[in-house]
Amino acid sequence: MKKVIIITSIVAVLAIIALIIVGRINKKKDIANLYAEVKKGQFEIVVSTTGELQAEKSTDITGPDFRQSRQIRAMDIKITDLVPEGTVVKSGDYIATLDRTSFDNTLKDELDRLTTYETNLEVKTLDTAVTLSDLRDNIKNLKFSVEEAEITLQQSKYEPPTTIRQAEISLDKAKRSLEQAIKGYSLKVEQARSDMKTIKYNLSEQRQKVADLQAILANFVIKAPADGMVIYKRDRTNAKRKVGSSISPWDNVVATLPDMSSMISKTYVNEIDVSKVKAGQKVEIMVDAFPEKSYTGVVSSVANIGEQLPNADAKVFEVVIKIDGTDPILRPSMTTGNKIVTKTIEDVTYIPLESVQRGADSIPYVYTKGRDKQIVVLGEENENNVIIEQGLNPGDKIFLSTPENPERFKLAGQELIAVNQERAKARKEEELKAKQEAEKERQAPSTMEGMTPEMMQKFQNMRGNMPQGGMPGGQGMQRGQGTQGGQSTQGGQFRQSGQTGPRDTAAFRRMMRNNPEMMQRMMSDTAARRRFMNQMRQNRQNQPQQSREQNQN
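So, how was this worked out
- Residues numbered from 1 in each chain as written.
- Predicted model: local features only at pLDDT ≥ 70, side-chain atom pairs only at ≥ 80, totals over all residues.
- Heavy atoms only, no water.
- Helix = DSSP H or I, 4+ residues; strand = E, 2+ residues; numbered from the N terminus.
- Buried < 20%, exposed > 50% of the residue type's maximum accessible area, 1.4 Å probe, protein only.
- Contact = heavy atoms within 4.5 Å.
- Areas by Shrake-Rupley, 256 points an atom, 1.4 Å probe, with all protein chains shown as cover.
- Core = buried A, V, L, I, M, F, W, Y, C linked by side-chain atoms within 4.5 Å.
- Phe/Tyr/Trp six-rings, centres within 6.5 Å; stacked < 30°, edge-to-face > 60°.
- Lys NZ or Arg CZ within 6 Å of the ring centre and 35° of its normal.
- Pairing = 2+ DSSP bridges.
- Patch = residues over 30% accessible without salt bridge, like charges linked within 9 Å, V, L, I, M, F, W, Y side chains within 5 Å.
- Salt bridge = Lys/Arg side-chain N within 4 Å of Asp/Glu carboxyl O.

K.L.:
Explanation requested: the overall build of the protein chain in the structure shown.
P.N.:
A tally of helices and strands in the protein chain yields nine helices and 26 strands. Counting the 553 residues in the protein chain, one finds 31% classified as buried. Sequence separation of 24 or more characterises 75% of the internal contacts of the protein chain that already satisfy a separation of 6 or more. For the protein chain, the accessible area works out to roughly 35900 Å², and carbon and sulfur atoms hold 50% of it.

As structure tokens, then:
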């Protein structure tokens, strides 16, 4: 029993010692995790996005091209069969089948109409031949009637005048009937030619329509135009086309055959960060399917116009990233994580963002291992770190979070408070200035508000004398006309403002020279120009009746 107790005691003591050692090691690790070291080196400002791999170049697998025939009208056509996505095909292999029910019915109707047109042509040809033959026989008979009337007239030369006159009248009637028959025949021939031309044209159009329908229906079974891997096409809603989806005459692509030798990552950047992204910036790319691999790329294009994706409230801008090199394991539609390096700053001091604290006065500070509450001056930041411009040195140890008993830490770097305050003041002034400029642009003052009373009076002098025809006094400006003291002159006589006479064009030119900015704004601002013209018109209408009578005199 004593041995058992002794052994049990020894084991218990050893276990306690082990627990103490492990606890101290863990405590040291926890303490180490509480601190961060101030680093110095290259600092990158990045914009992180999620994208999707696509081939930079691809061959479209298309359905029938309805644009080849202007006579065929089609709406959406359903896909009734489609090979699985990712299928590797050869040129000419089967890809998909489209629903041809409505087109089969249309083709049947058009074939019936074609038969009707061909029958009509045959009937018209026979009717025309019979009609023209009858007309030719009638003309021959009328010629015989003319000859008989001539013979009768020759035989009646010894008859009484009345008989002779009747013979002459009969001959004239016969000749006139013959002439009318010949003209009628010519008209019938032209009419028959026109009718036959119309029928043949309609028949030709119908034959072409039937041929186009047959050619289009032959393309309802879609074949691969080249070798490659089948990738389903996405429609306007970004949904992949599959069995049951529809294509239209304006978007007849069913699937694509991507060129795997050149890949891109298509991503979207929110409107807050898009101003930082420029073409040519380097990108670090990770593929979710292969987390152990990393790739590099370059921003190739940034959209100028934003869009709103489905089920999203914020506006985003499309960004295309060209991936450097090739890798056969990459496939379209794989998800990528993109870090766009928008700016690189060399040889700067930086710390983790979570180590920076702020008080009620918004002055930034950090807690150092030396038990100081150090004021710092911050610079630019990225997702994880922030640049320290003043207050810390490389190698300093700082707390990642607020330590215990922070009130016991000594405040250091008080001289940096003024620096932070000056910067905060400058930022507020810049924001206020930008806000004022934006408000000024949004509520730009009208041209009328930017004119002095003297300018207004001069414009009244110029506009007040213009009649409805648009020319002052019904005539153009004559030599010897001018202005003096705001009054118009002509032939040495002064005319008060509002009296009939020429416009004060000299004052108008002076005002344009002295106020080019205002005049440019007035000419470019259609609404302001319209308000100005309305004001001038209203001023003339409000002039006293006596002045109007003087003007008329």
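K.L.:
Where do I start with the nonpolar core in this structure?
P.N.:
Grouped burial of nonpolar side chains is what soluble globular proteins tend to show. Phe-66, Ile-95, Phe-103, Phe-220 and Val-230 are the most contacted members of the largest nonpolar core, which totals 32 residues. Contributing elements (two or more residues each) for this core: β4 (77-82), β6 (94-98), α2 (101-155), α3 (161-218) and β11 (253-258). A per-element tally of this core places α3 first, with seven residues. Setting aside residues no more than four positions away along its own chain, Ile-95 makes contact with Ile-61, Asp-81, Leu-82, Val-83, Val-89, Ile-222, Lys-223, Ala-224 and Val-230. Residues Val-47, Ala-55, Val-274 and Met-334 belong to the second largest nonpolar core, which totals 20 residues.

K.L.:
Help me out: how do you make sense of the packing of aromatic side chains in this one?
P.N.:
Both the distance between ring centres and the angle between the ring planes are used here to describe each pair of aromatic rings. The tally for this structure, following the rule as stated, stands at six aromatic pairs. Here Tyr-35 and Phe-399 contribute two aromatic rings whose centre-to-centre distance is 4.6 Å and whose plane-to-plane angle is 50°, an arrangement assigned as tilted. Of this pair, Tyr-35 sits in strand β1 (residues 35-37) while Phe-399 sits in strand β22 (residues 397-399), and the two are 364 residues apart along the sequence. By relative accessible area, Tyr-35 is classed as partly exposed at 21%. Residue Phe-399 is classed as buried on the basis of its relative accessible area of 8%. Here the aromatic rings of Tyr-365 and Tyr-367 are separated by 5.6 Å at their centres, their planes lie at 90°, and the arrangement is edge-to-face. A relative accessible area of 6% places Tyr-367 in the buried class. One aromatic cluster is present, built from ring pairs that chain together Tyr-35, Tyr-365, Tyr-367, Phe-399 and Phe-409. Looking at Lys-369, its charged tip hangs above the ring of Tyr-35, at a distance of 5.1 Å from the centre.

K.L.:
Would you explain the sheet that holds β11 in this entry?
P.N.:
The pairing of strands in a sheet comes from backbone hydrogen bonds and takes either a parallel or an antiparallel form. Strand order in the open sheet formed by three strands is β3-β11-β9, and the pairing between neighbours is antiparallel. Every interior strand has two partners, whereas the edge strands, β3 (58-62) and β9 (231-232), have only one. Judged from the two bridges that link them, β9 and β11 form a sheet pairing that is antiparallel. Residue pairing in the sheet places Ile-231 in a bridge with Thr-256 of β11.

K.L.:
Explanation requested: the pairing of strand β12 (residues 263-270) in the structure shown.
P.N.:
In regular strands, side chains alternate between the two faces of the sheet. Pairing between strand β2 (residues 39-55) and β12: five bridges, direction antiparallel. Within β12, the residue paired with Ala-55 across the bridge is Met-263. Pairing geometry for β12 and strand β15 (residues 316-323), over seven bridges, is antiparallel. Residue Asn-270 lies in a different strand from β15, and its bridge partner there is Val-316.

K.L.:
I'm lost on the pairing of β15 in this one. Help?
P.N.:
Buried residues dominate β15, accounting for six of its eight residues. Both strand β14 (residues 290-302) and β15 contribute to a ladder of five bridges, which runs antiparallel. By the bridge assignment for β15, Val-302 is matched with Val-319.

K.L.:
Before we go on, may I ask you to explain a nonpolar patch on the surface in this structure?
P.N.:
Side chains of Ile-6, Ile-10, Val-13, Leu-14, Ile-17 and Ile-21 sit close together on the surface and give an oily, nonpolar patch of about 550 Å² of accessible area. Counting through the fold element by element, Ile-17 comes out in helix α1 (residues 2-34). Overall, the relative accessible area of 42% leaves Ile-17 in the partly exposed class.

K.L.:
So what exactly am I meant to see when it comes to the pattern of salt bridges here?
P.N.:
A side chain with one charge can pair with a side chain of the opposite charge if their charged atoms come near. One pass over the structure, following the stated rule, counts 17 salt bridges. Residues Arg-165 and Glu-168 are paired through a salt bridge, measuring 3.2 Å at the closest nitrogen-oxygen approach. Of the two residues, Arg-165 and Glu-168 are both situated in helix α3; the distance of three residues between them amounts to about one turn of the helix. In this structure Glu-168 comes out as partly exposed when scored by relative accessible area, which is 30%. Connected via shared salt-bridge partners are Glu-110, Arg-113 and Lys-209.

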